[in-house]
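Architecture at a glance
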Amino acid sequence: HLHLHNTHPIIHGSVSSHVVFAETTEGIRRAKLSDTALFPHFVQPPSTYAAPEIPNPSAHTHKMDVYSFGVLLIEMICRKALGSSLSTERDKQLQHINWPEMVSIIRQCLVIEPNDRQNI
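Calculation criteria
Residues numbered from 1 in each chain as written. Predicted model: local features only at pLDDT ≥ 70, side-chain atom pairs only at ≥ 80, totals over all residues. Heavy atoms only, no water. Helix = DSSP H or I, 4+ residues; strand = E, 2+ residues; numbered from the N terminus. Buried < 20%, exposed > 50% of the residue type's maximum accessible area, 1.4 Å probe, protein only. Contact = heavy atoms within 4.5 Å. Pairing = 2+ DSSP bridges. Arc of directions from axis to C-beta. Core = buried A, V, L, I, M, F, W, Y, C linked by side-chain atoms within 4.5 Å. Axes fitted to C-alpha atoms, helices over the stretch in contact; angles between N-to-C directions. Parallel < 35°, antiparallel > 145°, perpendicular 65-115°, else oblique. Left-handed = near helix turned anticlockwise from the far one by under 90°. Nonpolar A, V, L, I, M, F, W, Y, C, P; charged D, E, K, R; others polar.

Along its length, the protein chain carries three helices and two strands. The N-to-C order of helical and strand elements in the protein chain reads β-β-α-α-α. The burial tally for the protein chain puts 35% of its 120 residues in the buried class. Contacts in the protein chain between residues at least 24 apart in sequence constitute 51% of all its contacts with a sequence separation of at least 6.

As structure tokens, then:
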């Protein structure tokens, strides 16, 4: 909710395996996203996670995080880091996921047009 309903929406700009940490609280494992990659200290994410609009600063929105989250989901489910940003490699990995609902969510995150991407 802080990401969208704030005077200054939070944009991580770099949701990747490098900024996700696991913690256990009361026996429940949770993944937490580090806040070290928040705007305005934006750092160009690795191209594997970069949304297509990254080169255009005026187009930066929370939807960049949605895109990189989709890439992160592929890596987490397949237990393998993607070596490139090529959509063919992503599609190849998606074929190995036997969970149709998750494949649908990931595909919605990776839509090229930011406004058509899944909301998180």
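This brings us to the environment of Ile97. Relative to the helices and strands, Ile97 resides in the loop between helix 2 (87-94) and helix 3 (100-109). Dropping the residues within four chain positions of it, Ile97 is found in contact with Ile77, Cys78, Val103 and Ile106.

Strand direction decides the pairing type here: strand 1 (residues 20-25) and strand 2 (residues 28-33), joined by six bridges, are antiparallel. Bridging from a neighbouring strand, Val20 pairs with Leu33 of strand 2. In textbook terms, the turn of a hairpin is the stretch between consecutive antiparallel strands, and for strand 1 and strand 2 this stretch comprises two residues, one of which, Glu26, has a positive phi near 50 degrees.

Two residues of an α-helix separated by three or four positions point the same way, owing to the 3.6 residues in each turn. Where helix 2 is concerned, the buried positions are Glu89, Arg90, Gln93 and Leu94. Take helix 2 and look down its axis: the buried residues cluster within an arc of 140 degrees, on one side only. Opposite the buried face of helix 2, at more than 90 degrees from it, the exposed residues are Thr88 and Lys92.

By the secondary structure assignment, Gln93 is in helix 2. Look past the residues within four positions of Gln93 in its chain and what remains in contact with it is Ile74, Cys78, Lys80 and Leu82.

A few words now on the nonpolar core. Within soluble globular proteins, side chains that are nonpolar generally end up buried alongside one another. By size, the foremost hydrophobic cluster in this structure holds 17 residues, and its most contacted members are Val71, Ile74, Leu94, Ile106 and Leu110. With five residues, helix 1 (residues 63-78) is the largest single contributor of residues to this core. Non-local contacts of Ile74, meaning those with residues more than four positions away in its chain, are made with Arg79, Leu82, Arg90, Gln93, Leu94, Ile106 and Leu110.

Right, let's get into the environment of Ile10. Assignment of secondary structure puts Ile10 in the segment before strand 1. Looking at Ile10, the relative accessible area reads 21%, which means it is partly exposed. Along the primary structure Ile10 and Asp65 are separated by 55 residues, whereas in three dimensions their C-alpha atoms are 9.8 Å apart.

Moving on to the packing of helix 1 against helix 2. Relative orientation and spacing of two packed helices are given, respectively, by the angle between their axes and the distance between those axes. Packing of helix 1 against helix 2 brings their axes to within 10 Å, and their N-to-C directions diverge by 45 degrees. As the angle between them shows, helix 1 and helix 2 are arranged oblique. Note on packing geometry: the crossing formed by helix 1 with helix 2 is left-handed. Taken together, the residues of helix 2 that come into contact with helix 1 (itself represented by Tyr67, Val71, Ile74 and Cys78) are Arg90, Gln93 and Leu94. Looking at the contact of helix 1 with helix 2, its residues break down into five nonpolar, one polar and one charged.

Purely geometric numbers; function is a separate question.
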